[in-house]
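Architecture at a glance
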Amino acid sequence: MHRIYRAASMLLAVAATSALAQQERSAVEEIERYRAALAEGNPAELWEARGEDLWRQKRGPKSVSLERCDLGLGAGMVKGAYTGLPRYFADSGKVEDLESRLVTCMVALQGFTPGEAKKDPYGGPGKKVPMDALVAYIASQSRGMKMNVAATHPKEQEAYELGKKIFFYRGGPHDFACATCHGADNRRIRLQDLPNLTKTEDAQKAYGAWPAYRVSQGELRSMQWRLYDCFRQQRFPELKFISPASIALTVFLAKNANGGVFDAPSIKR
Amino acid sequence: MKKKIIALGWSGTGNLIGAVLVATTAACASSPMSEDQRAAQAIEVMKASFRARGQAKLDRLEQDETQRLCSLYSGDEALPKEVGQRIETSQRAMIKYPADGKFIGDWKAGERIAQSGVGKQFSDDPALPAGGNCYACHQLTQSELSYGTIGPGLYQFGKLRGYTPEIEQYAYGKIYNSQAFSACSNMPRFGHQGILTEQQIKDVVALLMDPQSPINR
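Residues numbered from 1 in each chain as written. Chains lettered and ligands numbered in written order. Predicted model: local features only at pLDDT ≥ 70, side-chain atom pairs only at ≥ 80, totals over all residues. Heavy atoms only, no water.

Next up on the list: the overall build of chain A. The helix and strand inventory of chain A stands at ten helices and eight strands. Contacts in chain A between residues at least 24 apart in sequence constitute 67% of all its contacts with a sequence separation of at least 6. Accessible surface computed for chain A: about 11,900 Å², of which carbon and sulfur atoms make up 55%. (Helix = DSSP H or I, 4+ residues; strand = E, 2+ residues; numbered from the N terminus. Contact = heavy atoms within 4.5 Å. Areas by Shrake-Rupley, 256 points an atom, 1.4 Å probe, with all protein chains shown as cover.)

Next up, the structure:
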């Protein structure tokens, strides 16, 4: 009798567990369906179009366009440029990601001061900024191409090693590092899947999806913003726009994504 | 020839970009930096890359010994057993258990703490209590389906382990300082770092250990 009772209760437990698993699966499926529906109309296109205009527009004290800006493939070459960034630029003597390279060009070509060029790095409610649009446009011109960050120049190699250290750097009141959430396979925060950014396959998929249009914020978000907001949640102080740490970390992430197909601007919840 | 890094700096002022080793001897280019040198460089770079905002001051970039060791033995390098034991011993010695000897608070308050992810971010109001955000990483009650998997599932925590004072004390200590029991755990040291108050930790212990808590029913 006792054994029958135990068997029955075990069966009930199994049934409950599988009902739960079922519920969970359908929640995940719903999210996937939602994502697929979103992808059919991505408002990032508005930023891309605005960015293309801004790229060609005569702006700044010198009233020139950015069309002579060298993003790494030669002056004015936009197609595929994002897949090779960040990279070392001899003219500035620095390793630059897209955002910092745009600032360099806005200063050198258009005559903005560095302060002016960096003033509004991220859009917000009622505020559309040129940086987001330029990032969207240039990134879109690498869609479908493979990530190919050389990281062979000594300064690129140094930035990679530095970025790796920063990735594993635990600090702040919560002892968090990037690796806390992004250093192991098949983990989630709440229902959000977390890519393991030390693993090629995950890094390719994750890096290749930024910049992205964030539905919940109604904004186009750059990789610089992604890092800024990760550090906020890590309980770190505020990451400065195009700071050395942000670029080193981007080199680490971009190189880990080498060989992956770039597919951004994407759309996210 | 012994390599020597004379200075680290940034080309330019403010938050200009690109790390520059201002002066290195020739040997430096051919032999890689040591881990310690690289770590020191990373700290310098980070200090130049963040600004204080709200409650998140730059001192948050300063690591304590545990954070330093856990960062060093991360990624490619496994944590040596003796280092792990050293961390656990030192952290265990710093746990402050409640003076009244009681570990159990109100599980309903504990559930609210487990659900809340605010606290300690520069975007948070420091006057408001922080949450524990337990659901970000753990399954707890069965009714909450939106839970993470960075930490182990804790459904039926008390029921499976027994409602004993020893387990209550263990749960309190684990939440207070996870690294006292598992060196370099991903879990924040909620008491040690002043994220949760003594009462809040008791409330979360109640969520795990009260037989009436939905975790155990």
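So, next bit.
Scanning chain B for helices and strands turns up eight helices and three strands. Each helix and strand of chain B, placed in order from N terminus to C terminus, yields the pattern β-β-α-α-β-α-α-α-α-α-α. Here chain B holds 217 residues, and the buried ones make up 46% of them. Restricting the contact set of chain B to residue pairs at least 6 apart, pairs at least 24 apart contribute 56%. For chain B, the accessible surface area stands at approximately 10,700 Å², while carbon and sulfur atoms represent 54% of it. (Buried < 20%, exposed > 50% of the residue type's maximum accessible area, 1.4 Å probe, protein only.)

Residues and elements named next belong to chain A. Here three strands make up an open sheet; going across it, the order is β6-β5-β8 and the pairing mixed. The open sheet terminates on both sides in strands that have one partner only, identified here as β6 (219-221) and β8 (266-268). Averaged over all neighbouring strand pairs, the angle between strand axes comes to 35 degrees, with direction disregarded. Two elements, strand β5 (residues 212-214) and β6, share three bridges in a ladder whose sense is antiparallel. Counted as the bridge partner of R214 is E219 from β6. (Pairing = 2+ DSSP bridges. Axes fitted to C-alpha atoms, helices over the stretch in contact; angles between N-to-C directions.)

With that settled, the discussion passes to the confidence of the model for chain A. When the pLDDT values of chain A are averaged, the result is 91; 89% of them are 70 or greater. Low pLDDT (under 50) marks residues 1-8 of chain A, which in the prediction has zero contacts with non-local residues, meaning those over four places away or in another chain. (pLDDT = per-residue confidence, 0-100.)

This part takes up the interface of chain A and chain B. Taken together, the contact pairs 50 residues of chain A with 65 residues of chain B. Summing both partners gives a buried area of about 5,300 Å² for chain A against chain B, and 56% of it is carried by carbon and sulfur. Contact with chain B buries surface across chain A, with A:Y169, A:R170 and A:R190 losing the most and accounting together for 16% of the total. The tally of links from chain A across to chain B stands at six salt bridges. The salt bridge involving A:R190 is made with B:E144; its shortest N-O contact spans 3.7 Å. Between chain A and chain B we count 32 residue pairs in polar contact (both at pLDDT 80 or more) in total. With seven residues, helix α6 (residues 154-167) of chain A is the largest single contributor of residues to the side of chain A that touches chain B. Its residues assigned to classes, the side of chain A that touches chain B shows 22 nonpolar, ten polar and 18 charged. (Buried area = accessible area lost by both parts, 1.4 Å probe. Salt bridge = Lys/Arg side-chain N within 4 Å of Asp/Glu carboxyl O. Polar contact = N/O pair within 3.5 Å; in protein donor to acceptor, adjacent residues only side chain to side chain. Nonpolar A, V, L, I, M, F, W, Y, C, P; charged D, E, K, R; others polar.)

What follows concerns the packing of aromatic side chains. Taken as a whole, this structure holds 18 aromatic pairs over all chains when the rule is applied. Look at B:Y97 and B:F103: their rings are 6.1 Å apart centre to centre, the planes differ by 90 degrees, and that puts the pair in the edge-to-face class. Owing to a relative accessible area of 11%, B:F103 belongs among the buried residues under this scheme. Taken together, the ring pairs connect A:Y122, A:Y228, A:F241 and B:F122 into an aromatic cluster. Between the NZ or CZ atom of A:K255 and the centre of the ring of A:Y160, over which it lies, the distance is 4.7 Å. (Phe/Tyr/Trp six-rings, centres within 6.5 Å; stacked < 30°, edge-to-face > 60°. Lys NZ or Arg CZ within 6 Å of the ring centre and 35° of its normal.)

What follows is about the state of the cysteines. Note on terminology: a disulfide is the covalent bond linking the sulfur atoms of two cysteines. All names here are of chain A. Applying the stated criterion to the full structure yields two disulfides over all chains. There is a disulfide in this structure between C69 and C105, and the S-S distance comes to 2.0 Å. Given an S-S torsion of about 75 degrees, the disulfide between C69 and C105 has right-handed geometry. Taken together, the residues C69 in the loop between α2 (44-56) and β1 (87-89) and C105 in helix α3 (residues 98-108) connect sequence positions 36 residues apart. (Disulfide = S-S within 2.5 Å.)

Ranked by size, the top nonpolar core spans 72 residues in total, and within it A:W55, A:L102, A:I166 and A:F167 carry the most contacts. It is helix α10 (residues 244-256) of chain A that contributes the most residues to this core, eight residues altogether. When neighbours within four sequence positions are excluded, A:F167 is seen to be in contact with A:A177, A:C178, A:A179, A:H182, A:L197, A:T198, A:L249, A:F252 and A:L253. In terms of nonpolar packing, the next biggest core, distinct from the first, is built from 30 residues, B:F103, B:A130, B:L154 and B:L208 among them. (Core = buried A, V, L, I, M, F, W, Y, C linked by side-chain atoms within 4.5 Å.)

All right, on to the pattern of salt bridges then. Tallying each qualifying case throughout the model produces 23 salt bridges over all chains. The network of salt bridges with shared partners includes A:E48, A:R143 and A:D263.

Turning our attention to helix α8 (residues 198-209) of chain B. All names here are of chain B. A rise of 1.5 Å per residue sets the reference length of α8, with its twelve residues, at 16 Å; its end C-alpha atoms lie 16 Å apart and thus fit the reference within 8%. Looking only at α8, the buried set comprises Q200, I201, K202, D203, V204, V205, A206, L207, L208 and M209. Packed against the buried residues of α8 are α5 (107-115), α6 (157-161) and α7 (165-176). (Expected span 1.5 Å × (residues − 1).)

Turning our attention to the environment of A:V149. All names here are of chain A. Within the secondary structure, V149 sits in the loop between α5 (130-140) and α6. The exposure class of V149 is buried, given its relative accessible area of 2%. Between the alpha carbons of V149 and N258 there is a distance of 6.3 Å; along the sequence they are 109 residues apart.

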